[in-house]
Amino acid sequence: MNALVALCHFCELHGPRTLFCTEALHPPSPSPPQAGAPVPGDRDRDVDREGEGLTMRANSSATQRGEMCEGCRSLPASHPGFVSIDDETGIRFLSHQHPRQPQLFSVVRQACVRSLSCEVNNDVCPGREGPIFFGDEQHGFVFSHTFFIKDSLARGFQRWYSIVIVAMDRIYLINSWPFLLRHLRLTIHSLQSTALKVFDTEQGVCPQRAARMNSVFSPAVFPHQRSGNAARSLTSLTQHPNLWASLHSSFSWLLKACGSRLTEKLLEGAPTEDTLVLIERQTEQEEEMSCWDAAEGSSSRPQRHHSESELGRDFLCDEGKLEGFPGPKFRSLRHLRQILGAAEFRQIAWHVLMGNQVIWRGADPGLIQSAFTMLKALLPVGCVRSVPYSAQYEEAYKCNFLGLSPDVPIPAHVSSSEFSLLVDVISTEKSCQYSAVGEDDISSLYQFTISSANTQPTDRGPTLLNKLEVALSNENLSVDVVSHCLLCLKEEWMNKVKVLFKFSKVDRREREDTQKVLTLLGATGPGEEDNVRLLKFWMTGLSKTYKSHLMTAVRGGERTPSQ
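Everything numeric in this text was worked out from a predicted model, so none of it was measured.

Quick notes on the rules
- Residues numbered from 1 in each chain as written.
- Predicted model: local features only at pLDDT ≥ 70, side-chain atom pairs only at ≥ 80, totals over all residues.
- Heavy atoms only, no water.
- Helix = DSSP H or I, 4+ residues; strand = E, 2+ residues; numbered from the N terminus.
- Expected span 1.5 Å × (residues − 1).
- Buried < 20%, exposed > 50% of the residue type's maximum accessible area, 1.4 Å probe, protein only.
- Polar contact = N/O pair within 3.5 Å; in protein donor to acceptor, adjacent residues only side chain to side chain.
- Contact = heavy atoms within 4.5 Å.
- Salt bridge = Lys/Arg side-chain N within 4 Å of Asp/Glu carboxyl O.
- Pairing = 2+ DSSP bridges.
- Axes fitted to C-alpha atoms, helices over the stretch in contact; angles between N-to-C directions.

Trainee: Lay out helix α21 (residues 528-539) with the relevant residues and their values.
Mentor: With 12 residues, α21 should cover 16 Å at 1.5 Å per step; its first-to-last C-alpha distance of 17 Å lies within 8% of that length. What α21 keeps buried is the set D530, N531, V532, L534, L535, F537, W538 and M539.

Listed below in structure tokens is the structure:
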């Protein structure tokens, strides 16, 4: 993370001061060596010596502006500081009292002063303790968390500190707010709890409140009393012998972890419908979690179990979940087609593309979920509603992918419906010894029986399935190439869905005009009925963002002539 973390303190004698600072130094870009140029090791040593000199100059300039007491100092000027190196990226994390660059010194100094003086939001952090965000493009943006440390000799028996994170990327810093807040609070709680133990011990030996009330107040003596009490360092308050080394480790990890949790990704063109649907579902989940967090007390909150309905929200089953299940698994669409057979695979894929309910019933949830993972790739994300494995039947309006245990009966109205397909996974005698047979030899372990009341032919269309089967049957194409072919086919037909939705649903054109559009889109001819069913089903997977955008544009266009 291209940022800087600093611990700041409000000294009663010298005002806001920076106590400890950790910054990340990225390795220089490799360049071809030139004659007379220093070797990389010499250059690193020169940088280290230069950084040490800058730090010394920063410390000396701070000393010139005002004398530093023990409460304003973390490491002595002669201390070399702390250095940690990330072996994976080559990034060095340096910690000292002040930044190594003069430009950063002024930026951190300003952030320190603002965090401990004027930047207070009573709504966000009542009592002046808590997080706050401020900054600008010129001086950088700051995430600050102020807090108090107990001190038996301080005014009010507490001292004021803050941890600031300075970065130039405002969006990145705001998006990292929950992560930073959670981990900074852990560090702050550790400091406060350690200092509280020291405070209680000191108060037990010599209660300061009674001593102060019994002492005689004199204006002449008060400055001397304040100067004597203001010089306690954070190390003295916590009695932590390795405090600064511990803070260096915490701040270095924070910079590394925060930098690796969010990565930039180049998007070519507008986001796809799958991306928009995923964003919408993630937003809904975050809003749901916010509602849970806002509920009164954790005791009154109902317990949430991972039931079948909640598992149904996991429309994409990642590889991490599949690894938790033992036994064989389908690795790709081509592998699934080879195990089931070409005709059986086409029958299943046809039902998936038409939006019918596909039910897999068997004793191996890992195998069933791996089959669903492969088949889900045929559909847009918005069309997927999955219950990976259930002990009871779920209706088709809840899910179009349903995994059942072998003893679950299928209702009669489902068995006789042409809009459903059942795949029974029957274990063979060798399934009890699959380790000896081989985990990938699925055909030796299981038999697959497919049943459906559908009487329509599945060998004509849709066009997407015909093209996909050509790619799957071509052994010269690798699995990755077939995946990209499927992605391109889905994008092609999703664009056709958008055109048809705009033409039929938004503009509300006549049936004859819609037929002309279908001809223009290449959805007519052989397999026309299947193509139309596919387009209508995929309309249900369009994102709310896209539909809202279309409706807004249409309303705006209708108002324009009257204006």
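Additional details are given in the paragraphs that follow.
Trainee: If you had to explain the side chain of T238 to someone new, which residues and values would you point to?
Mentor: Within the fold, T238 resides in helix α7 (residues 234-238). Engagement of the side chain of T238 in a polar contact is seen with the backbone oxygen of L234, the distance being 2.9 Å. If sequence neighbours within four positions are ignored, T238 has contacts with L191, T194, A195, V198 and L243.

Trainee: Would you mind going over unusual backbone geometry in detail, with residue names and values included?
Mentor: Notably, Q239 is not glycine yet its phi reads approximately 55°, a positive angle. In this fold, Q239 is placed in the loop between α7 and α8 (243-261).

Trainee: Which residues make up the side chain of D86, and what values go with them?
Mentor: Within the secondary structure layout, D86 lies in the loop between β3 (82-85) and β4 (92-96). Among the polar contacts listed, one links the side chain of D86 to the backbone nitrogen of E88, at a separation of 3.2 Å. Among the polar contacts listed, one links the side chain of D86 to the side chain of T89, at a separation of 2.9 Å. What D86 contacts, discounting residues up to four positions off in sequence, is I91, F93 and K256.

Trainee: I'd like a description of the pattern of salt bridges, backed by residues and values.
Mentor: Following the criterion strictly, the structure yields 10 salt bridges and no others. In this structure, K256 engages E88 in a salt bridge whose closest nitrogen and oxygen atoms are separated by 4.0 Å. In this pair, K256 sits in helix α8 while E88 sits in the loop between β3 and β4, placing the two residues 168 residues apart along the sequence. Taking relative accessible area as the criterion, E88 reaches 71% and is therefore assigned exposed.

Trainee: Break down the sheet that holds β4 for me, citing the residues and quoting the values.
Mentor: On the basis of which strands lie adjacent, the open sheet formed by 7 strands has the order β3-β4-β2-β1-β7-β6-β5 and antiparallel pairing. Each edge of the open sheet carries a strand with a single partner, namely β3 and β5 (130-136). Averaged over all pairs of adjacent strands, the angle between strand axes in this sheet comes to 20°, irrespective of strand direction. Pairing of strand β6 (residues 140-150) with strand β7 (residues 158-167) involves 10 bridges; the strand directions are antiparallel. Bridged to I149 within β7 is R159. Each of β1 (3-11), β2 (15-25), β3, β4 and β7 touches α8; the most contacted strand, β2, lies at about 55° to it.

All we've got here are geometric facts, nothing functional implied.
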